[in-house]
Amino acid sequence: MLYPEGSLVTLNTGEIGVVAAIPLNMPTRPLLRLLFDKEGQYFNQTMYVDLMQDLTRFIRRLEFNQFD
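Residues numbered from 1 in each chain as written. Predicted model: local features only at pLDDT ≥ 70, side-chain atom pairs only at ≥ 80, totals over all residues. Heavy atoms only, no water.

Undergrad: In this structure, what is going on with the overall build of the protein chain? I would like to understand it.
TA: Looking only at helices and strands, the protein chain features 0 helices and 5 strands. Along the protein chain, from the amino end to the carboxyl end, the secondary structure elements read β-β-β-β-β. Against the compact-globule benchmark of 11 Å for 68 residues, the protein chain has a radius of gyration of 11 Å, which places it among compact chains. The C-alpha extent of the protein chain, read off along each of the three principal axes, is 30 × 30 × 20 Å. (Helix = DSSP H or I, 4+ residues; strand = E, 2+ residues; numbered from the N terminus. Rg over C-alpha atoms; globule rule 2.2 N^0.38 Å.)

What follows is the structure, given as structure tokens:
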């Protein structure tokens, strides 16, 4: 699995999030729970982005993998 659930990732937009769910048919386009915006400010409310729906965002870097 490229991005296991719980992995911390940085998007091309600079936002940082946690992998919340992985679609079986497209594992490179998971559902993410955003934690920080592009300026590094913590989101006070729960925000999700579905990379299957939002094709302008993509994972640039894997920051942390809970299984390592």
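Undergrad: Help me out: how do you make sense of the packing of aromatic side chains in this one?
TA: Counted according to the given criterion, the structure contains 1 aromatic pair. Plain terms: the ring middles of Phe36 and Tyr42 are 5.7 Å apart, the flat faces sit at 70° to each other, and that makes the pair edge-to-face. For Phe36, a relative accessible area of 29% corresponds to the partly exposed category. (Phe/Tyr/Trp six-rings, centres within 6.5 Å; stacked < 30°, edge-to-face > 60°. Buried < 20%, exposed > 50% of the residue type's maximum accessible area, 1.4 Å probe, protein only.)

Undergrad: Just to check I follow, could you spell out the nonpolar core for this structure?
TA: Across soluble globular proteins, nonpolar side chains have a tendency to be buried as a group. Tyr3, Val9, Leu11, Val19, Ile22, Leu32, Leu34, Phe43, Val49, Leu51 and Ile59 form the largest nonpolar core, which has 11 residues in total. Those elements giving two or more residues to this core turn out to be β1 (8-11), β3 (31-36) and β4 (42-50). If sequence neighbours within four positions are ignored, Tyr3 has contacts with Val9, Val19, Ile22, Pro27, Thr28, Ile59 and Leu62. (Core = buried A, V, L, I, M, F, W, Y, C linked by side-chain atoms within 4.5 Å. Contact = heavy atoms within 4.5 Å.)

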